[in-house]
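# Chains, contacts and geometry: an overview
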Amino acid sequence: MRNPAGERVSKAWLIGGFAFLYLPIFTLIILSFNASPLVTTWAGFSFKWYGELMRDTVIIEGFVLSIKIALMTATASVLLGTFAAVALTKFPRFTGRTFFSGMVNSPLVMPEVIIGLSLLLTMVSLQRLTEDLFGTGWPDRGTLTIWIGHTLLGMAYATVVITSRLREMNPQLEEAALDLGAKPWQVFFLVTLPLISQALASAWLLSFTLSLDDVVLSAFLSGPGSTTLPIAIFSRARLGLNPTVNAVATLTVLVVSIGVVAASLWMARMERKRAREMAAAMKT
């Protein structure tokens, strides 16, 4: 029996939740076109701050560096996460499995401040050791160290996403391929990877987003000349936000939205294609 009052309450809560999450973003986008430098004063529609953004070298360099690190992080996280997920799923019993699983999942529950501090101390110790042994310190804090820290965090999330998909996958498909004479590596590349492609895409997008907006790890692991966009925005926020920040945030939202929509359309297309292929296989 339908409950109209309950449905209205549910819709109200849903609308309120979406408004709480997305209204600040829409407000930021609107203010990026405000001609006034004051948030509380609307002085007319203008692209002024987008023009200022094109001349802001710090923001542009930070944005380019953040995109570069996010791309490398997402790719490395998916590769390492896939290996870890396969090991945990396909080999349920091996020496040190519990310890390995705990180490993979620990970044999910450990505060980023602790991760960043531990990585910083590790990098400093390694730099001093290589300087004593070889006369030159490695690695210098910068793009490489930020990438390592982001990959550590992104790999944990990617492993969870890919593991859940591998556990839901029908193992008879891989067994059938083995029975037909396929080698294990052929089964992995021709059967397993296509079946988990959507999970790989989701893990890539998640790792990319985590890296793109990370502040804590980047603050610990960055060095001179390696200021990412979130660090640049955070440093300016302490002194009072410049309206150019609204412009770069709007462009970031636009880029991420386009990527998410494109990935969603691609995954939906792959899902329909897989459903058609499975239906055809069942008929034969």
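Residues numbered from 1 in each chain as written. Predicted model: local features only at pLDDT ≥ 70, side-chain atom pairs only at ≥ 80, totals over all residues. Heavy atoms only, no water.

### Re the overall build of the protein
Counting its regular elements, the protein contains 12 helices and 0 strands. Scanning the protein from its N terminus toward the C terminus, one meets helices and strands in the order α-α-α-α-α-α-α-α-α-α-α-α. With respect to the three principal axes, the spread of C-alpha positions in the protein is 75 × 70 × 35 Å. Looking at the protein residue by residue over its 284 residues, the buried ones come to 33%. A separation threshold of at least 6 residues defines the contact pool for the protein, and within that pool the share at least 24 residues apart is 70%. Accessible surface computed for the protein: about 17,700 Å², of which carbon and sulfur atoms make up 70%. A gap of 9 Å separates the mean positions of the 22 positive and 16 negative side-chain charges of the protein. (Helix = DSSP H or I, 4+ residues; strand = E, 2+ residues; numbered from the N terminus. Buried < 20%, exposed > 50% of the residue type's maximum accessible area, 1.4 Å probe, protein only. Contact = heavy atoms within 4.5 Å. Areas by Shrake-Rupley, 256 points an atom, 1.4 Å probe, with all protein chains shown as cover. Lys, Arg positive; Asp, Glu negative; His and termini not counted. Charge placed at Lys NZ, Arg CZ, Asp CG, Glu CD.)

### A closer look at empty space enclosed by the protein
Per the counting criterion, the structure on display carries 1 cavity of 30 Å³ or more. By volume, the largest cavity amounts to about 30 Å³. In terms of lining, the largest cavity is formed by T73, H150, L153, G154, S207, L210, S211 and D214. Elements with a contribution of two residues or more to the lining of the largest cavity: α6 (143–168) and α9 (197–212). Along the lines of polarity and charge, the residues of the lining of the largest cavity split into 2 nonpolar, 5 polar and 1 charged. (1 Å grid on protein atoms, 1.4 Å probe; cavity = no way out; pocket = protein on both sides within 12 Å on 5 of 7 lines; lining within 4 Å. Points joined across faces, edges and corners; volume = space filled by probe spheres on them. Nonpolar A, V, L, I, M, F, W, Y, C, P; charged D, E, K, R; others polar.)

### What about the packing of helix α4 (residues 97–109) against α6?
The packing of two helices is summarised by the inter-axis angle and the distance between the axes. Axis separation between α4 and α6 bottoms out at 7 Å; the angle between their running directions is 120°. With respect to their mutual orientation, α4 and α6 come out oblique. Pair α4 / α6 crosses with left-handed handedness. Contacts from R97, V104, N105, P107 and L108 in α4 reach L152, L153, A156, Y157, T159, V160 and R167 in α6. When its residues are assigned to classes, the contact of α4 with α6 shows 8 nonpolar, 2 polar and 2 charged. (Axes fitted to C-alpha atoms, helices over the stretch in contact; angles between N-to-C directions. Parallel < 35°, antiparallel > 145°, perpendicular 65-115°, else oblique. Left-handed = near helix turned anticlockwise from the far one by under 90°.)

### Some points on a nonpolar patch on the surface
Together, L14, F18, F20, L21, Y22, L23, I25 and F26 line one region of the surface with nonpolar side chains, adding up to about 880 Å² of accessible area. Along the chain, L21 falls in helix α1 (residues 4–31). (Patch = residues over 30% accessible without salt bridge, like charges linked within 9 Å, V, L, I, M, F, W, Y side chains within 5 Å. Salt bridge = Lys/Arg side-chain N within 4 Å of Asp/Glu carboxyl O.)

### A word on the packing of aromatic side chains
Scanning all chains against the criterion turns up 9 aromatic pairs. Taken together, a centroid distance of 6.3 Å and an interplanar angle of 65° make the contact between F94 and F100 edge-to-face. The exposure class assigned to F100 is partly exposed, which follows from its relative accessible area of 30%. A connected cluster of aromatic rings, assembled from ring pairs, spans F33, F45, F47 and Y50. (Phe/Tyr/Trp six-rings, centres within 6.5 Å; stacked < 30°, edge-to-face > 60°.)

### So, the nonpolar core
Proteins that are soluble and globular tend to have nonpolar side chains buried together. Grouped together as the largest cluster of nonpolar side chains are 14 residues, with contacts concentrated most on I162, L166, M169, V191, I196, L200 and A203. Elements supplying a minimum of two residues to this core: α3 (57–90), α6, α8 (184–195) and α9. Membership of the second largest hydrophobic core comes to 9 residues, among which are F33, L53, A247 and V248. (Core = buried A, V, L, I, M, F, W, Y, C linked by side-chain atoms within 4.5 Å.)

### Things to note about the environment of T27
Assignment of secondary structure puts T27 in helix α1. Judged by relative accessible area, which is 38%, T27 ranks as partly exposed. Residues T27 and T209, 182 residues apart in the sequence, show an inter-C-alpha distance of 21 Å.

### Some points on the UniProt feature "transmembrane region" (unreviewed entry) in the protein
Under the present numbering, the feature "transmembrane region" (unreviewed entry) in UniProt falls on residues 12–33, 63–88, 108–126, 146–166, 187–206 and 247–268. For the annotated span residues 187–206, helix accounts for 95% and strand for 0% of the residues, and the straight-line distance between the end C-alpha atoms is 27 Å. Secondary structure over residues 247–268 splits into 100% helix and 0% strand, and the C-alpha atoms at its two ends are 32 Å apart. (UniProt positions renumbered as here; feature names shortened; annotations may be inferred.)

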